[in-house]
Amino acid sequence: MHREDFLMFENNQNLIYFDNGATTFKPKRVVDKVVDYYTKYTANAHRGDYDISLKVDNEYEEAREVVRHFINAKSSKEIIFTKGTTESMNMIVFSFMKYYLHKGDEILITKAEHASNVLPWFELEKELGVSVKYIPLTSEYKVTLDNLKNVVTEKTKVISLAHVTNVIGDIRPIKEITEFAHDNNILVVIDGAQSVPHLKTDVEDLDIDFLAFSGHKMLGPTGVGVLYAKEKYLEKFRPFNYGGGMNSRFESTKEIEYKELPLRLEAGTENIAGVLGLKEAILYLESIGIENIHKHEQELREYLIKRLKEVSNITVYNENSEAGIVVFNIENIFAEDTSRFLNHYGICIRAGNHCTKMVKDEIKVKNTCRISLYLYNTKEEIDKLIEVLKENNKIYDIIL
Amino acid sequence: MDNSLKREIIVDNASNPYHKKKVEDDNFIKANTHNESCIDNIDLYVKIKDGVVIDAYFDGEACAITTSATSIMLRKIIGKSVDDARNIMKEYYKMINEEEYKENMLDELNLYSDISKQASRKKCAILPFQTLEKTFKIYEESK
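Residues numbered from 1 in each chain as written. Chains lettered and ligands numbered in written order. Predicted model: local features only at pLDDT ≥ 70, side-chain atom pairs only at ≥ 80, totals over all residues.

What links the strands of a sheet is backbone hydrogen bonding, and the strands pair in either a parallel or an antiparallel sense. All names here are of chain B. With antiparallel pairing, three strands are arranged side by side in an open sheet as β1-β2-β3. Every interior strand has two partners, whereas the edge strands, β1 (29-34) and β3 (52-61), have only one. Recorded for the sheet is a direction-independent mean angle of 20° between the axes of neighbouring strands. Bridge count between strand β2 (residues 41-49) and β3: nine bridges; the pairing is antiparallel. (Pairing = 2+ DSSP bridges. Helix = DSSP H or I, 4+ residues; strand = E, 2+ residues; numbered from the N terminus. Axes fitted to C-alpha atoms, helices over the stretch in contact; angles between N-to-C directions.)

Counting residues in each nonpolar core, the largest one holds 150 residues, and the members touching the most others are I92, V188, L211 and Y228 of chain A together with L132 of chain B. Among the elements that line this core, the one with the most residues is helix α10 (residues 272-288) of chain A, at eight residues. Two domains each donate at least three residues to this core, and these are domain 1 (29-287) and domain 2 (290-399) of chain A. Y228 of chain A has contacts with I71, A73, E78, I79, V203, F210 and L211 of chain A, leaving out every residue within four places of it along the chain. (Core = buried A, V, L, I, M, F, W, Y, C linked by C-beta atoms within 7 Å. Buried ≥ 20, exposed ≤ 12 C-beta atoms within 10 Å, placed from the backbone. Domains from an automatic or database assignment. Contact = placed C-beta atoms within 7 Å.)

In an α-helix, one full turn covers 3.6 residues, which means residues spaced three or four apart are oriented alike. For helix α4 (residues 85-100) of chain A, which comprises 16 residues, the first-to-last C-alpha distance of 21 Å matches the rise-based estimate of 22 Å (1.5 Å per residue) to within 8%. Of all the positions in α4 of chain A, only T85, T86, E87, S88, M89, M91, I92, V93, S95, F96 and M97 of chain A are classed as buried. (Expected span 1.5 Å × (residues − 1).)

Residues and elements named next belong to chain A. Relative to strand β4 (residues 131-134), strand β3 (residues 106-109) runs parallel, the two sharing four bridges. Bridging from a neighbouring strand, I107 pairs with V132 of β4. For the segment spanning β3, helix α5 (residues 119-128) and β4, crossover handedness is right-handed. Here β3 pairs with strand β5 (residues 156-162) via three bridges, running parallel. Of the residues in β5, the one forming a bridge with I107 is V158. (Right-handed = clockwise from strand over helix to strand, strands pointing away.)

Bringing the interface of chain B and chain A into the picture now. Many structure descriptions define interface size as the accessible area lost when the parts assemble. With nine residues of chain B at the interface, the matching set in chain A holds 11 residues. Per-element accounting of the side of chain B that touches chain A gives the leading share, three residues, to helix α1 (residues 3-15) of chain B. Residue composition of the side of chain B that touches chain A, grouped by class: seven nonpolar, no polar and two charged. (Nonpolar A, V, L, I, M, F, W, Y, C, P; charged D, E, K, R; others polar.)

Residue and element names in this part refer to chain B. Here F129 is to be found in helix α4 (residues 119-142). Put simply, F129 and G60 are 69 residues apart on the chain and 15 Å apart in space, counted from C-alpha to C-alpha. Filtering out sequence-adjacent residues up to four positions away, F129 remains in contact with M73, M89 and Y92.

Quick look at the packing of helix α3 (residues 82-96) of chain B against α4 of chain B now. Residues and elements named next belong to chain B. α4 packs onto α3 with a crossing angle of 155° between their chain directions and a minimal axis gap of 11 Å. As summarised for this structure, α3 and α4 are arranged roughly antiparallel, according to the angle between their axes. The handedness of the crossing between α3 and α4 comes out as left-handed. For the pair formed by α3 and α4, the contact residues are V82, A85, R86, M89, Y92, Y93 and I96 on the first element and K122, A125, I126, F129, L132, E133, F136 and Y139 on the second. Residues that form the contact of α3 with α4 fall into these classes: 12 nonpolar, no polar and three charged. (Parallel < 35°, antiparallel > 145°, perpendicular 65-115°, else oblique. Left-handed = near helix turned anticlockwise from the far one by under 90°.)

Quick look at the domain arrangement of chain A now. All names here are of chain A. The domain architecture assigned to chain A consists of domain 1 (29-287) and domain 2 (290-399). Placing the centre of domain 1 and that of domain 2 at their C-alpha centroids yields a distance of 29 Å. Contacts between domain 1 and domain 2 engage 21 residues on the former and 23 residues on the latter. Its residues assigned to classes, the side of domain 1 that touches domain 2 shows 11 nonpolar, five polar and five charged.

On to the sheet that holds strand β11 (residues 314-316) of chain A. Residue and element names in this part refer to chain A. Pairing is antiparallel in the open sheet, where four strands are placed in the order β11-β12-β15-β14. Single-partner strands in this sheet number two, and they are β11 and β14 (350-352). With strand direction ignored, the average angle separating the axes of adjacent strands in the sheet is 30°. Two strands pair when backbone bridges link them, and β11 and strand β12 (residues 325-330) are joined in this way by three bridges, in the antiparallel orientation. In the sheet register, T315 faces β12, and the bridge partner there is N329. Relative to the sheet, helix α11 (residues 290-308) contacts β11, β12 and β15 (368-372), its axis offset from that of β12 by approximately 15°.

Here it is as structure tokens:
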């Protein structure tokens, strides 16, 4: 779909890019927006009274509104621009949870979470004496409400999960989980890095308390992301950074007044080009329809799984997942050697543990090859991949 | 040596590596190296007595280059003194960095003489020796 919008394909005629879980290509309108900002109206936001600064200011706040609409938040005050999912997750943990939680409280995650939904909690565990526990996964590495209920105790205060995991690619039943959690006075944090770009994410319908996602995994620039939290919680966030842009006034007498949300949590000059680019990326995704993208990915996924079965010495680890992520290995071949082999044919995939280092306990395999699909991938690309994989007996002739 | 023979020896060492097993014996010095930029991850177990490597094993998951180079390195250094092993290491690094080196000191390790053509694979090829040096340092510090 829409490959003509992506200059990467024009500039790399035979490239097949299957690593969209890592980052995505940018449509021309996103790149143009960033270039326009840097060549036609470079100025800071929220600062000047001159025309180009006001233009930047307006566009920056429009971007916030575009994000609000995209995830159906109640108010644009609930949208904070960050560097990405990692920074958003760290803000949730260290600007809010650190003051909300107490010694002995329990946080539930799974072993399939990305490092940015694991390490901040581990650090908080050391700092506060809270306890990080794991929701057991099913034989297909999924989270179910029953599995969750089995490990919830009266000490459970937070459930923190990826909506879609970046290795297994399962879509978690978030709505059921938030309903149950809220009945039990538990907050729900959602890592949306792999879901927001691919699935309609309605924070009101899903009743999510906190959401983190990145721009660059959804056709936007790198270095920009979003933190969403319900206003009642966001109000309680302590600023991560103090400085310009977040204060209303301060005196030598130490009298200080900070700004209202959202600016209070966006100290310093933000990644303006990134924010404007993200806005364009979202408008672009909306013009295609996120549901259409999801449908396209599911069709491709089904086709990919079917065709991978034609290659006898390949093991697929997540056949029954729902998102456009497929993980596999060639029998007796180290994942990285497979990815180097595919690279020889201009096919980009990811080999490794995908920043999800605990999932090896579940799937019993440390390193895998991951294909992650997006709107611009095609069946023809999958055909080419299969053609190459069928020749995998030649792998060492190619890579050594 | 022609390329297909080279390849055959590398693949043979990658598929059936020499002395690959986990060792749980306190007489062995253990060191780990994982490649920051990729996913190679090996543990090396080396037993040194009176300055001589008397036995060594490795374990872990790594690509064909790292696995085979470790296998070949172990064959080469078992029975050698730490000093001799370090001399081999020096020549090996020279080879990897495309400097003049003493070919006759490296035997099968010469297989990796072309690795410099693939810059990204250099790290895979030196990983076993980096790990070996760690065990030697531990040995020297314990003396």
